[in-house]
Amino acid sequence: MAGSPRVICASGDLTDGGAGVRFETTRDGERTPCFAIRFEGKVYAYLNRCAHVGVELDWSPGAFFDDSGLYLLCSTHGAVYEPESGRCAGGPCRGASLIPLPVDERDGQVLLMEGVQHG
Ligand code: FES
């Protein structure tokens, strides 16, 4: 499937272990909430859908990390996820994973690499 990258945000909008950026993509014809974060210098993006019950993770828009800045946290029942893999490291969905999206960073912009199959 061909497609071109889409700009999610400016690189400077994502601070390491800090606030993320929410965006939407279309999956199976439905608008689907997603988010991008930065961890150890690298940008990652996932569907904003907890592997437990499927609700959005952030308790306030963009608040995805826990206090330590080391894990992504679901605000509903406290599942924690590894930012670099999306794997649940604790909580009710242990062993499950967030669904990753392909992202890249070029020329000061964070890009969603559309055209790559999203799971
Ligand atoms: S919905 Fe995320 S931990 Fe239950």
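An account of the accompanying structure is given in this report. (Residues numbered from 1 in each chain as written. Predicted model: local features only at pLDDT ≥ 70, side-chain atom pairs only at ≥ 80, totals over all residues. Heavy atoms only, no water.)

1. A look at the pattern of salt bridges
- One pass over the structure, following the stated rule, counts six salt bridges.
- Between E24 and R31 there is a salt bridge, with its nearest N and O atoms 2.6 Å apart.
- Judged by its relative accessible area of 34%, E24 falls in the partly exposed class.
- E105 serves as the salt-bridge partner of R38, at 2.7 Å between the closest nitrogen and oxygen. Placement of R38 in strand β3 (residues 30-39) and of E105 in strand β9 (residues 103-106) is noted, with a sequence separation of 67 residues between them.
- According to the relative accessible area criterion, R38 is buried, its value standing at 11%.
- Through salt bridges with shared partners, a single network forms among R22, E56 and D58. (Salt bridge = Lys/Arg side-chain N within 4 Å of Asp/Glu carboxyl O. Buried < 20%, exposed > 50% of the residue type's maximum accessible area, 1.4 Å probe, protein only. Helix = DSSP H or I, 4+ residues; strand = E, 2+ residues; numbered from the N terminus.)

2. Here we look at the packing of aromatic side chains
- Across all of its chains, the model carries three aromatic pairs by this definition.
- Taking the centre distance of 6.0 Å and the plane angle of 40° together, the rings of F35 and Y46 count as tilted. A residue pair is termed long-range when its members are at least 10 positions apart, and F35 in strand β3 and Y46 in strand β4 (residues 42-47) qualify at 11 residues. The burial state of F35 is the same as that of Y46; both residues are buried.
- In this structure an aromatic cluster arises from ring pairing among F35, Y46 and F64. (Phe/Tyr/Trp six-rings, centres within 6.5 Å; stacked < 30°, edge-to-face > 60°.)

3. Details of the sheet that holds strand β8 (residues 100-101)
- Spatially, β2-β3-β4-β8 is the arrangement adopted by the four strands of the open sheet, whose pairing is antiparallel. Edge positions in the sheet fall to β2 (21-27) and β8, since each has one partner strand and no second.
- One ladder, built from two bridges, connects β4 with β8; its direction is antiparallel. Each residue of the ladder has a partner; that of Y46, found in β8, is P100. (Pairing = 2+ DSSP bridges.)

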